[in-house]
Amino acid sequence: MTLKHPSTGGLLILAVIIAILPSILPNNFYMDVAIRIGLNAIVCIGLNLLIGYAGQISLGHAGFVGLGAYGSAILTGEFGWPAIPAMLVTALFVALLAFVLARPVLRLKGHFLAMATLGMGIIISIVLNTEARWTGGPDGMAVQPMMFFEYMVFGEAVWYWIVGAALLIAVWLSLNLIDSPVGRALRAVHGSEVAAEVCGVNTTQYKVKVFVISAVFASVSGSMLAHYGAFVSPEDASFFRSIELVTMVVLGGMASTYGAVVGATILTILPQALARFEDLEHMVFGLILMLTMIFMPKGLVPTLSAKFRRSPVKVEAESEAQGGGAT
Amino acid sequence: MTAVLTVEGLTKEFGGVRAVDELGFTISEGAIFSIIGPNGAGKTTLFNLITGVYTPTEGRVFFGGEFIGGKTPYNLADMGLSRTFQNLQIFMNMTAVENVMVGLHRHLDKRIDHALFRIGGMARKEREAREKAAELMAFVGLGQYVNHDAASMSYGALKRLEIARALATGPRLLLLDEPAAGLNPSETGEIDELIRKVSESGVTVALVEHDMHLVMGISDHILVLDYGRKLTEGTAEHVRHDPEVIAAYLGSEAAAVKG
Ligand SMILES: Nc1ncnc2c1ncn2[C@@H]1O[C@H](COP(=O)(O)OP(=O)(O)OP(=O)(O)O)[C@@H](O)[C@H]1O
Ligand SMILES: [Mg+2]
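Residues numbered from 1 in each chain as written. Chains lettered and ligands numbered in written order. Predicted model: local features only at pLDDT ≥ 70, side-chain atom pairs only at ≥ 80, totals over all residues. Heavy atoms only, no water.

### Observations concerning empty space enclosed by the protein
Residues and elements named next belong to chain B.
- By the definition in use, this model includes one cavity of 30 Å³ or more.
- One number sums up the size of the largest cavity: a volume of about 40 Å³.
- Looking at which element gives the most residues to the lining of the largest cavity, the answer is helix 6 (residues 155-168), with three residues. (1 Å grid on protein atoms, 1.4 Å probe; cavity = no way out; pocket = protein on both sides within 12 Å on 5 of 7 lines; lining within 4 Å. Points joined across faces, edges and corners; volume = space filled by probe spheres on them. Helix = DSSP H or I, 4+ residues; strand = E, 2+ residues; numbered from the N terminus.)

### Here we look at the coordination of the magnesium ion (ligand 2)
Residue and element names in this part refer to chain B.
- Around the magnesium ion (ligand 2), the protein contributes the donor atoms Thr-44 (OG1) and Gln-86 (OE1), at 1.9 to 2.0 Å from the metal centre. On the criterion of sequence distance, the pair formed by Thr-44 in helix 1 (residues 43-50) and Gln-86 in the loop between strand 6 (81-83) and helix 3 (96-103) is long-range, its members being 42 residues apart.
- Of the residues examined, Thr-44 reaches a relative accessible area of 25% and is grouped as partly exposed.
- For Gln-86, a relative accessible area of 33% puts it in the partly exposed group. (Donors = N, O, S within 2.8 Å, 3.2 Å for Na, K, Ca; no water. Buried < 20%, exposed > 50% of the residue type's maximum accessible area, 1.4 Å probe, protein only.)

### A look at the site of ligand 1
Residue and element names in this part refer to chain B.
- Residues in close proximity to ligand 1 total 13 residues, the closest being Lys-43, Thr-44, Thr-45, Gln-86 and His-210.
- Between ligand 1 and the protein, one listed contact pairs an oxygen atom with a side-chain N or O atom of Asn-39 at 2.8 Å.
- Separating an oxygen atom of ligand 1 from a backbone N or O atom of Gly-42 is a distance of 2.9 Å.
- Coverage of ligand 1 by the protein amounts to 63% of the 640 Å² it exposes when considered alone.
- It is helix 1 that provides the largest number of residues to the shell around ligand 1, a total of three residues.
- When its residues are assigned to classes, the shell around ligand 1 shows four nonpolar, seven polar and two charged. (Near = heavy atom within 4 Å. Polar contact = N/O pair within 3.5 Å; in protein donor to acceptor, adjacent residues only side chain to side chain. Areas by Shrake-Rupley, 256 points an atom, 1.4 Å probe, with all protein chains shown as cover. Nonpolar A, V, L, I, M, F, W, Y, C, P; charged D, E, K, R; others polar.)

### As for the sheet that holds strand 2 (residues 17-28) of chain B
Residues and elements named next belong to chain B.
- Sheet architecture is open: four strands sit in the order 2-1-4-5, paired in antiparallel fashion. Edge positions in the sheet fall to strand 2 and strand 5 (66-67), since each has one partner strand and no second.
- Of the strand pairs in this sheet, strand 1 (residues 3-14) and strand 4 (residues 58-63) are connected by five bridges, and their pairing is antiparallel. Along strand 4, the bridge assignment pairs Thr-11 with Glu-58.
- This element, helix 1, spans strand 1 and strand 2 of the sheet and lies at about 65° to strand 2. (Pairing = 2+ DSSP bridges. Contact = heavy atoms within 4.5 Å. Axes fitted to C-alpha atoms, helices over the stretch in contact; angles between N-to-C directions.)

### As for the interface of chain B and chain A
- The partner chain A presents 37 residues to the 40 residues of chain B that form the contact.
- Interface area, chain B with chain A, both sides summed: about 3,400 Å², of which 63% is carbon and sulfur.
- Looking at the side of chain B facing chain A, the largest losses of area belong to Tyr-74, His-105 and Leu-116 of chain B, adding up to 19% of the total buried there.
- Viewed at the interface, chain A and chain B are joined by three salt bridges.
- Across the pair Glu-126 of chain B and Arg-184 of chain A runs a salt bridge whose closest N-O atoms are separated by 2.8 Å.
- Counting across the chain B and chain A interface gives nine residue pairs in polar contact (both at pLDDT 80 or more).
- For the side of chain B that touches chain A, the secondary-structure elements that each account for two or more residues are helix 2 (73-79), strand 6, helix 3, helix 4 (112-117) and helix 5 (122-139) of chain B.
- Looking at the side of chain B that touches chain A, the element that brings in the most residues is helix 5 of chain B, giving five residues.
- A per-class count over the side of chain B that touches chain A returns 19 nonpolar, ten polar and eleven charged. (Buried area = accessible area lost by both parts, 1.4 Å probe. Salt bridge = Lys/Arg side-chain N within 4 Å of Asp/Glu carboxyl O.)

### Concerning the pairing of strand 2 of chain B
Residues and elements named next belong to chain B.
- Looking at chain direction, strand 1 and strand 2 are connected through eight bridges and run antiparallel. Of the residues in strand 2, the one forming a bridge with Phe-14 is Val-17.
- Two successive antiparallel strands, strand 1 and strand 2, enclose a turn made up of two residues, where Gly-15 displays a positive phi of approximately 50°.

### Comments concerning the nonpolar core
- Counting 103 residues, the largest nonpolar core has Phe-64 and Leu-167 of chain A as the members making the most contacts within it.
- The element that contributes the greatest number of residues to this core is helix 2 (residues 28-53) of chain A, accounting for 14 residues. (Core = buried A, V, L, I, M, F, W, Y, C linked by side-chain atoms within 4.5 Å.)

### Remarks on the side chain of Thr-188 of chain B
- Relative to the helices and strands, Thr-188 of chain B resides in helix 7 (residues 185-200).
- For Thr-188 of chain B, a relative accessible area of 8% puts it in the buried group.

### Here's the deal with the domain arrangement of chain B
Residues and elements named next belong to chain B.
- Domain annotation for chain B reports domain 1 (1-80 + 174-259) and domain 2 (90-170).
- With centres defined by C-alpha atoms, the gap from domain 1 to domain 2 works out at 27 Å.
- With 17 residues of domain 1 at the interface, the matching set in domain 2 holds eleven residues.
- Here domain 1 meets domain 2 over a buried area of about 1,100 Å², counting both sides, of which 68% is carbon and sulfur.
- Across the domain 1-domain 2 interface, the total number found is one salt bridge.
- Residue Glu-190 pairs with Arg-160 through a salt bridge whose shortest N-O separation is 3.0 Å.
- Here domain 1 is connected to domain 2 by six residue pairs in polar contact (both at pLDDT 80 or more).
- When residues of the side of domain 1 that touches domain 2 are traced back to their parent elements, those giving at least two are helix 2, strand 7 (173-177) and helix 7.
- In terms of residue count, the dominant contributor to the side of domain 1 that touches domain 2 is helix 7 (six residues).
- A breakdown of the residues in the side of domain 1 that touches domain 2 according to their chemical character gives nine nonpolar, two polar and six charged. (Domains from an automatic or database assignment.)

Now the structure itself:
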């Protein structure tokens, strides 16, 4: 029997897709959508570690995206910091905040956790709305373009590659994490907390860790979003944005890194397609969330991959029978 | 003989009901120590108290001579205390071998940077952990299920998977809560053999089990609980002839106790 490794071949496929996409996309409008898909996907990959793998809900993650965006905006705009250190320091700040919040919040379960994270997101959004001296209040604020030494990072053509690379790194980190002792501990927390503890897993500590990691993913994505869009607004941290992110994760597939990417892709494109019916957008998201939970609770990618995997598993079982337990 | 576990005046109340009532006993190193008693006698509660899942209302537990009050289950796992569950607690979101690898957790590289960037020999360490876990699965007779999803396995196989996972922690004392419940006679026979094999490998075993044939045949020492209290304890021979035990078991199990 081979002690196989979950394939990282998917990473290669994703890289190829990212590489050839610009030659297919007709204009900058589509490039813009692709960039926003990438930015959302990065948040969703982090959020999926929390929701899909560790089984803990967060209805406030847009708050961390918002903090990342505003942190970079303020540090580069008000203090004249270079973009990269601003992004890193912001991520560090968000990590610390998430760490402090995680202990009391993640002690809660089920709806209580949902409500607490919801409250957390709303508080962040209120702070961004009201601290107008720093944030520009409800109107938002302009953001300096990202400078890379003397070079100004500007335009879809450049940002596409930056976000594409960041997405690949995010997928790689997530796949690595899942397939490690830490990742199994996270999945064990989801599977059975009491059994995880008895196996020597400090479940509280791992919940805190995954919450912090997912917040950092959100923060970094937010920082890039701010520089790319050259503008931040409290909308980026709103409750509806948090719900959008959760819907992406749920639709794409719980506990599937590629599922998070697929979910982000579909639900970033959808509002563009529905642009003419703006009022419908919220309803459609709600409907998708409901329908997914009812008809496909595992989400798209796990459901489809289970369908495709059926035959290989049979082959494996047969070869095992012939191999006669040559473990 | 050295005492692995000593329990003194252990009590657990649930809203006025004493599930475990001033219980005291000692488990010696290397023994197969069984705990029997009717449904609701407090056997599972006792295991939950010993493993830190519940906090005692009163009383003290010593493991390897050390007072373990206030320790969490993962602290105790680190000290060499492991268990299985009466109602299966399998990680259904993982493969069988991954379940066992969680059992290995305390022996593995838990650094988050090593995990995220797959550095520090992580690929090799993971391969070794997987091999070790596969060996343990073979030890409990699940060699052919290594890469199966836990959710696809039969109840009997999952019972053994829990034992493999518990063994993976490297326990000094292993608590088994009804390992043969719901199994047919031939599967029960296999569990009997497995428990003996575990015991021979140097692990002290505490066994909660309703199957009297299994208990009477395998145990070095038997503790009988009723309403959370100790009814009696001693060898199978002693317990079998204790009138109080026979009285407590009046009904379906009486014949089995008498053997
Ligand atoms: N968490 C709990 N809350 C309230 N009461 C409990 C709890 N756990 C156990 N009990 C009660 O404590 C008593 C002992 O239960 P326990 O599960 O320990 O019995 P048991 O000996 O394991 O029984 P069985 O052979 O049926 O498994 C029962 O009356 C049960 O209802
Ligand atoms: Mg019980």
